[in-house]
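Structural features, examined
The lines below spell out each chain.
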Amino acid sequence: MDKNMVKNKRIGIMGGTFNPIHFGHLLLAETAYHQFGLDEVLFMPTKNPYYKNLSNTATEEDRVNMVCLAIEDNDHFCLSKEELDRDGTTYTVETLRNLTTANPDHKYFFIMGADSLYHIESWREPEEILRMAVILVAGRDGGGSSSLKSQIAYIMNKYDADIRLLKSPVLEISSHGIRRRIKDGQSIRYLLPKKVADYILEHGLYGQTS
Ligand code: NAP
């Protein structure tokens, strides 16, 4: 049967600024896909977000192009422009409302790193986010530190949420670190897909000095 015809799909959402996308994001999504038997993972670039100071940044178009290059060899990863195509500030709760209204039979799994779970109560309408999606969260220590486990228990109890721990190998890679290395003229090889690194170099992104 055509994969797109399947009802009741299990859809992962890998939201991010992706400035730039790197192997940490890709490994997180791939781990979620396998560990939770997902049908596909949507890579959903945010608009330039209100909660980050994005000087030394790439345009939305560049971020989308880099995501496309990064996921093109994986047939269960797809680009979603759900957030980029909306006007104004984008909030995860609106994204999930749109997706669940359009596809009420699907189950959504929002994939995130630990920091996002520590901040989720400052997001708009966290109780609604946690009602509409299962949260898949990964610690940066590969297992889930006692502090992350406490945070999971706290959010689950407070909001009656469904939060599962992702058992993902840890890659100590960050978009910020990559941008800094580029600015300092250091190599970014093996931190992100070669096609993305080549795109950054060809388009002179992130204040390259050489
Ligand atoms: P990002 O910096 O591009 O990161 C995307 C995700 O990848 C984050 O969850 C991050 O975890 C994780 N990650 C990054 N590097 C990793 C690595 N080496 N290993 C494992 N995981 C790694 O994106 P973002 O700006 O945090 O945004 C994430 C999502 O949250 C987006 O969909 C955004 O719209 C949403 N958000 C919503 C609101 C709201 O609705 N009010 C507010 C803030 C964010 P960490 O969280 O641990 O960095």
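In short, a report on the structure. (Residues numbered from 1 in each chain as written. Predicted model: local features only at pLDDT ≥ 70, side-chain atom pairs only at ≥ 80, totals over all residues. Heavy atoms only, no water.)

1. Quick look at the side chain of His 22
The residue His 22 is located in the loop between β1 (10-16) and α1 (23-35) in this model. Within the local environment of His 22, its side chain forms a polar contact with the backbone nitrogen of Gly 24, the two atoms lying 2.9 Å apart. Every residue in contact with His 22, bar those within four places of it in the chain, is listed here: Ile 173, Ser 174, Ser 175, Ile 178, Leu 191 and Leu 192. (Helix = DSSP H or I, 4+ residues; strand = E, 2+ residues; numbered from the N terminus. Polar contact = N/O pair within 3.5 Å; in protein donor to acceptor, adjacent residues only side chain to side chain. Contact = heavy atoms within 4.5 Å.)

2. Comments concerning unusual backbone geometry
A cis amide bond links Asn 19 with the next residue in sequence, Pro 20, at an omega value of 5 degrees. Look at Asp 160: it is not a glycine, yet its phi comes out positive at around 55 degrees. When you line up the elements, Asp 160 lands in the loop between α6 (146-159) and β6 (163-166). You can call Asp 160 exposed: its relative accessible area is 70%. (Buried < 20%, exposed > 50% of the residue type's maximum accessible area, 1.4 Å probe, protein only.)

3. Here's the deal with the pattern of salt bridges
Where charged atoms from two side chains of opposite charge approach closely, those side chains can pair. Under the definition given, this model contains 11 salt bridges. With its nearest N and O atoms 2.8 Å apart, the salt bridge here joins Arg 86 to Glu 82. Note that Arg 131 is salt-bridged to Glu 128, the shortest N-O span being 2.8 Å. Taken together, the positions of Arg 131 and Glu 128, both in helix α5 (residues 126-132) and three residues apart, correspond to about one turn of that helix. What makes Glu 128 buried here is its relative accessible area of 18%. (Salt bridge = Lys/Arg side-chain N within 4 Å of Asp/Glu carboxyl O.)

4. Focus: the environment of Gln 186
Looking at the secondary structure, you find Gln 186 in the loop between α7 (175-183) and α8 (194-202). Taking the relative accessible area as the measure of exposure, Gln 186 reaches 41% and is therefore partly exposed. Each C-alpha atom of the pair Gln 186 and Lys 167 lies 31 Å from the other, and the pair is 19 residues apart in sequence.

5. Quick look at the packing of helix α2 (residues 60-71) against α8
Taken N-terminus to C-terminus, the directions of α2 and α8 make an angle of 150 degrees; their axes are 8 Å apart at the nearest point. Between α2 and α8, the angle falls in the class roughly antiparallel. Once α2 is placed against α8, the crossing between them reads as right-handed. The segment α2 lies against α8, with Asp 62, Asn 65, Met 66, Leu 69 and Ala 70 engaging Lys 195, Val 196, Tyr 199 and Ile 200. When the residues that make up the contact of α2 with α8 are grouped by side-chain class, the tally is six nonpolar, one polar and two charged. (Axes fitted to C-alpha atoms, helices over the stretch in contact; angles between N-to-C directions. Parallel < 35°, antiparallel > 145°, perpendicular 65-115°, else oblique. Left-handed = near helix turned anticlockwise from the far one by under 90°. Nonpolar A, V, L, I, M, F, W, Y, C, P; charged D, E, K, R; others polar.)

6. Overview of the pairing of β1
Counting buried positions along β1 gives five out of seven residues, so the element sits mostly inside the fold. Here five bridges tie β1 to strand β4 (residues 107-113), and the two strands are oriented parallel to one another. Looking across to β4, one finds that Ile 13 is bridged to Phe 110. Pairing geometry for β1 and strand β2 (residues 40-45), over six bridges, is parallel. Each bridged residue has a counterpart across the sheet, and for Gly 15 the counterpart in β2 is Met 44. Following the chain from β1 across α1 to the adjacent parallel β2, one finds a crossover that is right-handed. (Pairing = 2+ DSSP bridges. Right-handed = clockwise from strand over helix to strand, strands pointing away.)

Taken by themselves, the reported measurements are silent on function.
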